[in-house]
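So the chains spell out like this:
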Amino acid sequence: TAKLSPEKLLCQLRDRVNVTMIQGSDGPFDTSEWQQYLPGKSLNETVGRLGRCAVVSSAGSLKSSHLGQEIDSHDAVLRFNGAPIKGFQEDVGQKTTIRLVNSQLVTVEEQQFLREALYNTGILIVWDPAPYHAEIHEWYRKPDYNFFESYKLYRSAHPEQPFYILNPKMQWQLWDILQENSLEHIQPNPPSSGMLGIVIMMTLCDEVDVYEFLPSKRQTDICHYYQKFHDRACTMGAYHPLLFEKNLVKHINQGTDEDIYIQGKVTLPGFRNVHC
Ligand code: NCC
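Residues numbered from 1 in each chain as written. Predicted model: local features only at pLDDT ≥ 70, side-chain atom pairs only at ≥ 80, totals over all residues. Heavy atoms only, no water.

### Observations regarding helix α11 (residues 193-204)
Stage number 1. The terminal C-alpha atoms of α11, which comprises twelve residues, lie 17 Å apart, in line with the 16 Å expected from a rise of 1.5 Å per residue.
Stage number 2. Of all the twelve residues making up α11, eleven are buried; the element is thus mostly covered by neighbouring parts of the structure.
Stage number 3. Listed as buried for α11 are S193, G194, M195, L196, G197, I198, V199, I200, M201, M202 and L204. (Helix = DSSP H or I, 4+ residues; strand = E, 2+ residues; numbered from the N terminus. Expected span 1.5 Å × (residues − 1). Buried < 20%, exposed > 50% of the residue type's maximum accessible area, 1.4 Å probe, protein only.)

### As for the layout of surface pockets
If you roll a probe as big as a water molecule over the atoms, it shows you where there is empty space left.
Stage number 1. In this structure, the largest pocket encloses a volume near 1,200 Å³.
Stage number 2. If you go around the largest pocket, you meet 45 residues; those closest to its centre are N81, N102, C223, H224 and H240.
Stage number 3. Counting only elements with at least two residues in the lining of the largest pocket, the list comes to α6 (103-107), α11, α12 (233-236) and α13 (242-252).
Stage number 4. A breakdown of the residues in the lining of the largest pocket according to their chemical character gives 19 nonpolar, 20 polar and six charged.
Stage number 5. Surrounding the second largest pocket, 21 residues form its lining, T20, M21, Q23, S42 and L43 being those nearest its centre.
Stage number 6. Mapped by element, the contributors of at least two residues to the lining of the second largest pocket are α3 (43-47) and α11.
Stage number 7. Looking at the lining of the second largest pocket residue by residue, the classes come out as nine nonpolar, ten polar and two charged. (1 Å grid on protein atoms, 1.4 Å probe; cavity = no way out; pocket = protein on both sides within 12 Å on 5 of 7 lines; lining within 4 Å. Points joined across faces, edges and corners; volume = space filled by probe spheres on them. Nonpolar A, V, L, I, M, F, W, Y, C, P; charged D, E, K, R; others polar.)

### Focus: the environment of P162
Stage number 1. Of note, P162 is situated in the loop between α9 (148-157) and β5 (163-165).
Stage number 2. When its relative accessible area of 22% is taken as the criterion, P162 is described as partly exposed.
Stage number 3. Spatially, the C-alpha atoms of P162 and V210 are 23 Å apart, while their sequence positions differ by 48 residues.
Stage number 4. Not counting the four nearest positions on each side in its chain, P162 is found in contact with T46, G122, I123, L124 and R155. (Contact = heavy atoms within 4.5 Å.)

### Concerning the site of the ligand
Stage number 1. The environment of the ligand is formed by 20 residues, the closest being N81, N102, S193, H224 and K246.
Stage number 2. Here an oxygen atom of the ligand sits 3.4 Å away from a polar atom, N or O, in the main chain of S58.
Stage number 3. One nitrogen or oxygen atom from the main chain of C234 is found 3.3 Å from a nitrogen atom belonging to the ligand.
Stage number 4. About the coverage of the ligand: the protein hides 76% of its 740 Å² of free accessible area.
Stage number 5. Here the ligand is seated within the largest pocket. (Near = heavy atom within 4 Å. Polar contact = N/O pair within 3.5 Å; in protein donor to acceptor, adjacent residues only side chain to side chain. Areas by Shrake-Rupley, 256 points an atom, 1.4 Å probe, with all protein chains shown as cover. Sits in = over half its atoms within 2 Å of the grid points.)

### A word on the state of the cysteines
Stage number 1. Summed over the entire model, instances satisfying the criterion amount to three disulfides.
Stage number 2. Each sulfur in the disulfide pair C11 and C276 lies 2.1 Å from the other. Its S-S torsion of about -110° marks the bond between C11 and C276 as left-handed, since a negative value means left-handed. In this pair, C11 sits in helix α1 (residues 6-16) while C276 sits in the segment after β7 (265-269), placing the two residues 265 residues apart along the sequence.
Stage number 3. With relative accessibility at 56%, the residue C276 sits in the exposed group.
Stage number 4. Disulfide pairing places C53 opposite C205 at an S-S distance of 2.0 Å. Note on the C53 and C205 pair: the S-S dihedral is about -90°, so by sign convention the disulfide is left-handed. Here the residue C53 occupies a position in strand β1 (residues 50-56), and C205 occupies one in strand β6 (residues 205-211), the gap between them amounting to 152 residues. Note on accessibility: C53 and C205 belong to one class, buried.
Stage number 5. What connects to what in the chain, once the bonded cysteines are numbered by sequence position, is 1-6, 2-3, 4-5. (Disulfide = S-S within 2.5 Å.)

### Focus on the side chain of S58
Stage number 1. Mapped onto the elements, S58 comes out in the loop between β1 and α4 (68-72).
Stage number 2. On the basis of relative accessible area, S58 is assigned to the buried category, the value being 13%.
Stage number 3. Once residues within four sequence positions are removed from consideration, S58 is found in contact with F80, A83, C223, H224, Y225 and Y226.

### Topic: the packing of aromatic side chains
Stage number 1. Under the defined criterion, the tally for this structure stands at 22 aromatic pairs.
Stage number 2. Aromatic side chains F29 and W34 sit 4.9 Å apart centroid to centroid with 70° between the ring planes, which places their arrangement in the edge-to-face category.
Stage number 3. With a centroid separation of 5.9 Å and an interplanar angle of 65°, the aromatic rings of W172 and W175 are classed as edge-to-face. In this pair, W172 and W175 are both assigned in helix α10 (residues 169-180), three residues apart and thus about one turn of the helix distant. For the pair formed by W172 and W175, the shared burial category is buried.
Stage number 4. Within the aromatic cluster, the residues linked to one another by ring pairs are F29, W34, Y37, F113, Y119, W139, Y140, F147, F148, Y151, Y154 and F163.
Stage number 5. The ring of F213 carries the charged tip of K246 above its face, separated from the ring centre by 5.0 Å. (Phe/Tyr/Trp six-rings, centres within 6.5 Å; stacked < 30°, edge-to-face > 60°. Lys NZ or Arg CZ within 6 Å of the ring centre and 35° of its normal.)

Below is the structure:
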């Protein structure tokens, strides 16, 4: 049901979604206190130029997928929130280059976030469901979850680990494109971590393989590959516009329907390889 051709949609994503991390020169973060906490290097400088990348959703359908080796064959792997590796290598691999976490996890589960070794590998990026197109100052005063203090605590404990804060403008620029390409009215809730991670990797990599975002033949009501919890909303969406995200990703997929069915795999071009 998308209105634009896949090529035009890729161009819109490339040109209108600004993937940037909060920097020391940005608005309320331009204080000497924040300079100590924000990473000195940009994300681009930290990761360098990446070739083939993998994005691993947390879906239950990854269970028994045996995709681990294939996932690890990529130059970089992005994972979400508390998705574990230990005990699941066979299905999800063991490489973690970037872990994208939501601000709820950094706040509510603060103790766990600060304690669990899982978070100490790779580059961390946190995002917060800021109000629709809010200015950074406004968001800073009223984030959805006040994760700033936990962020500072984590940075003090792990000063060498790169840890970025996603500029919240990005998620609404992306949401606008989702809305424009859907026939229905979408609730103004931000895209899921999954969709944000896909677009982040499209800015960093030549090519992006996404696993079990579009469900394979293993599709299940089990929410996560690492838990026994059942909920259809995990795959179809409730708060996040997941169904619309998945339609859009299906539309720009450059791989085959068989890849989706067998491996739950979608292949997207990096923005460097999108010519408008
Ligand atoms: O579940 P979550 O997402 O951590 O999953 C990461 C991304 O994987 C994709 N996914 C997941 C499960 C599934 N069956 N199908 C999928 O396609 C989605 O793209 C999803 O974004 C989030 O997006 O941040 C979310 O986070 C959790 C939770 O906060 C974290 O896991 C931390 O504990 C949210 N769950 C709850 O709040 C209960 C979830 O709604 C969204």
